[in-house]
Amino acid sequence: MQNRIDATFSDQDRDEVLAAIATIRAKLPFLQNATLEDRQELLKLGPKSEVFAVGMVDLATQDDSFLPRSFELEEPQQDRALREKLRPIRIEITRLNEALDDTDLLLGSDLYVAALEIYAAAKQHGRSEANDTLLAEFGRRFARQGKKKASDPNP
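Summary of the structure given here. All chains use their own residue numbering, which begins from 1 and follows the written sequence. Per-residue local features are limited, in this predicted model, to residues with pLDDT of at least 70; the limit for side-chain atom pairs, both in listing and counting, is 80 or more; totals at the level of whole chains, interfaces and linings are taken over all residues. As a convention, hydrogens and water are excluded, and side-chain values are obtained from all of the structure's heavy atoms.

**So, the layout of surface pockets**
For clarity, the threshold we go by: Residues are said to line a cavity or pocket when one of their atoms sits within 4 Å of a point; the points come from a 1 Å grid over protein atoms alone, cavities being sets where a 1.4 Å probe fits but cannot get out and pockets being open sets with protein on both sides within 12 Å along at least five of seven lines. Grid points are joined across faces, edges and corners, and a volume is the space filled by probe spheres set on the points. Under the scheme used here, helices are H or I runs from DSSP no shorter than 4 residues and strands are E runs no shorter than 2 residues, and both carry numbers assigned from the N terminus. Lys, Arg, Asp and Glu make up the charged group, whereas Ala, Val, Leu, Ile, Met, Phe, Trp, Tyr, Cys and Pro make up the nonpolar group; the residues left over, Gly among them, are polar.
Of the voids in this model, the largest pocket is the one considered here, and its volume is about 2,000 Å³. Lining the largest pocket are 35 residues; nearest its centre among them are Phe 30, Leu 31, Gln 32, Leu 86 and Arg 90. When contributions to the lining of the largest pocket are tallied by element, the ones reaching two or more residues are helix H1 (11-27), helix H2 (36-41), helix H3 (47-62) and helix H4 (74-125). Per element, the largest residue contribution to the lining of the largest pocket is 15 residues, and it comes from H4. Taken together, the residues that form the lining of the largest pocket break down as 20 nonpolar, four polar and 11 charged. Lining the second largest pocket are Tyr 112, Ala 115, Leu 116, Ile 118, Tyr 119, Ala 122, Asn 131, Leu 134, Leu 135, Phe 138, Arg 141 and Phe 142.

**A short note on the pattern of salt bridges**
Note the threshold: Put simply, a salt bridge is a Lys or Arg side-chain nitrogen that is within 4 Å of an Asp or Glu carboxyl oxygen. Note on classification: 1.4 Å probe, protein chains only; a residue is buried when its accessible area is under 20% of the maximum for its type, exposed when over 50%, partly exposed between these limits.
Counting across every chain of the model gives seven salt bridges. Two residues, Arg 14 and Asp 15, come together in a salt bridge whose shortest N-O distance is 3.0 Å. A salt bridge links Arg 80 to Glu 84; the shortest N-O distance between them is 3.2 Å. Here Arg 80 pairs with Glu 84, and both are found in helix H4, just four residues apart, close to one helical turn. For Arg 80, a relative accessible area of 26% corresponds to the partly exposed category. Residue classification places Glu 84 among the partly exposed positions, given a relative accessible area of 41%. Taken together, the shared-partner salt bridges connect Asp 11, Arg 14 and Asp 15 into one network.

Laid out in structure tokens, this is it:
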């Protein structure tokens, strides 16, 4: 039997993690979700563009005499500072999210392998009226998958 992850997680620990996430959200009230339209239309700041943007803000910070009076230099300075402060948080949360996704994948695989072993054992040795009904119901899942016919040109 496959068992890639052998762990337990108490309800109290889950509740404490959720409370910690709520605290993080409370500390970051300015977070926003971009719309699909935003994602398609907004200019993206990649690594090369970031060097340019930071350089231009630095240039204007050193000498803003050429900027129009209506240009508020504090805004891009604030955006830059906020991005720099959020970067390590984003990196750690991304790592945590990847670990959660991978753990979910491994747990799901463990669960599915165990279910297949139980199903095979029940079909072979667990015959009873109640089991037969359940096995027939769950067996339909595999019947729908079907086998490719030998004459099928797309194996």
